[in-house]
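Fold and geometry: a report
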Amino acid sequence: MTTKHGIGTTHTRSIKNRFARRFLRSLLKMKRSNRLGTGFQSDEEIRKRNTQRIKTAADRSMARVVGPRKIWSRALLFKLRNRARIQVGLRKRCLVSKKKKVLRKEKKVQVISREPNRADNLRKLVPGGDSMDICCLLEETAHYIKCLATQVKVMQSIADLYST
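Summary of the structure given here. (Residues numbered from 1 in each chain as written. Predicted model: local features only at pLDDT ≥ 70, side-chain atom pairs only at ≥ 80, totals over all residues. Heavy atoms only, no water.)

Brief notes about the overall build of the protein
Inclusion rule: A run of H or I in DSSP counts as a helix once it spans at least four residues, and a run of E counts as a strand once it spans at least two, with each numbered from the N terminus. Only protein chains enter the area calculation, which uses a 1.4 Å probe; residues under 20% of their type maximum are buried, those over 50% are exposed, and those in between are partly exposed. By definition in these notes, contact holds between two residues if any of their heavy atoms fall within 4.5 Å.
Within the protein, the secondary structure is distributed over five helices and zero strands. The secondary structure elements of the protein, listed N-terminal to C-terminal, are α-α-α-α-α. Relative to its full complement of 164 residues, the protein shows a buried share of 25%. Taking the contacts inside the protein whose residues are at least 6 apart along the sequence as the reference set, 57% of them involve residues at least 24 apart.

Re the nonpolar core
Within soluble globular proteins, side chains that are nonpolar tend to cluster in buried spots. Note the cut-off: By nonpolar core is meant a set of buried Ala, Val, Leu, Ile, Met, Phe, Trp, Tyr and Cys residues that side-chain atoms within 4.5 Å join together.
In this structure, Phe-19, Phe-23, Met-62 and Trp-72 are the most contacted members of the largest nonpolar core, which totals 22 residues. Where this core is concerned, the elements lending two or more residues are helix H1 (9-34), helix H2 (43-66), helix H3 (71-96) and helix H5 (134-163). Ranked by residues supplied to this core, first place goes to H2 with six residues. Apart from the residues lying within four places of it in its own chain, the contact partners of Phe-19 are Ala-58, Ser-61, Met-62, Val-65, Gln-151 and Val-154.

Comments concerning a positive patch on the surface
Rules: A patch consists of residues exposed above 30% relative accessible area that lack any salt bridge, with like charges linked at up to 9 Å and nonpolar side chains (Val, Leu, Ile, Met, Phe, Trp, Tyr) linked at up to 5 Å. To measure how exposed things are, a 1.4 Å probe is used in the Shrake-Rupley method; for residues, cover is taken only from the protein chains shown. Salt bridges are defined as contacts in which a side-chain nitrogen from Lys or Arg sits within 4 Å of a carboxyl oxygen from Asp or Glu. The convention is simple: Lys and Arg are positive, Asp and Glu are negative, and His and the chain ends are not counted. Charge coordinates come from a single atom per side chain, which is NZ of Lys, CZ of Arg, CG of Asp or CD of Glu.
The grouping of Arg-18, Arg-21, Arg-25, Lys-29, Arg-60, Arg-64, Arg-69, Lys-79, Arg-81, Arg-83 and Arg-85 at the surface amounts to a positive patch. Counting only elements with at least two residues in the positive patch, the list comes to H1, H2 and H3. Looking at Arg-64, the relative accessible area reads 47%, which means it is partly exposed.

Section: the packing of aromatic side chains
How we decide: Under the pairing criterion, centres of Phe, Tyr and Trp rings, with the six-membered ring standing for Trp, must be within 6.5 Å; the plane angle then separates stacked pairs below 30 degrees from edge-to-face pairs above 60, leaving the rest tilted.
One pass over the structure, following the stated rule, counts two aromatic pairs. Both rings, one in Phe-19 and one in Phe-23, keep their centres 5.5 Å apart while their planes meet at 10 degrees; by these two values the pair is stacked. Residue Phe-19 and its partner Phe-23 are both found in helix H1; the two are separated by four residues, about one turn of the helix. Considered together, Phe-19 and Phe-23 belong to a single accessibility category, that of buried residues.

As for the pattern of salt bridges
Applying the stated criterion to the full structure yields four salt bridges. Linking Asp-59 and Lys-55 is a salt bridge whose minimum nitrogen-to-oxygen distance equals 3.1 Å. Note that Asp-59 and Lys-55 are positioned in helix H2 at a spacing of four residues, about one turn of the helix. Residue class for Lys-55 comes out partly exposed when judged on its relative accessible area of 48%.

A short note on H5
Going by this rule: Expected span of a helix: the number of residues minus one, times 1.5 Å.
Its 30 residues give H5 an end-to-end C-alpha distance of 42 Å, which sits within 8% of 44 Å, the value for a rise of 1.5 Å per residue. Looking at H5, one finds that the buried residues are Leu-137, Glu-140, Thr-141, His-143, Tyr-144, Cys-147, Thr-150, Gln-151, Val-154 and Ile-158.

Section: the side chain of Ser-61
One can find Ser-61 in helix H2. The exposure class assigned to Ser-61 is buried, which follows from its relative accessible area of 1%. Sequence-distant contacts of Ser-61, defined by excluding residues within four places in its chain, comprise Phe-19, Arg-22, Phe-23 and Ser-26.

Laid out in structure tokens, this is it:
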């Protein structure tokens, strides 16, 4: 029961179900944390923040379901962890004190420009793609696209369920 690309359809259903459960848990946590209050934020600011939080929850849920066996999922989880650490650090820094900013001189680096080819463009789109050879890049891209399609289907199902 495998598809043309060697990924089983039962495996795909399993990923879809696990992603749906994990994503719904994340949305429930978000809903609970929103009850704490939003302060003096406008509706537009709240909407933007919630949109970003939903996107992050979807990405994190999919990467955690896939696990560490794929390069793109490891890269995405690493990026999300670092982003969270930076945001916590920025909040702490703002609360502690406001220090003077020191402007550093930028070093001029001579860059040899070349026109990016299709593989370079693909490397920019796939998380962790910059460290992959072309064969691995194509394999990871196929899996990443399949997971993104699953993510869209689950999110569409959730939207359809709550819109009726």
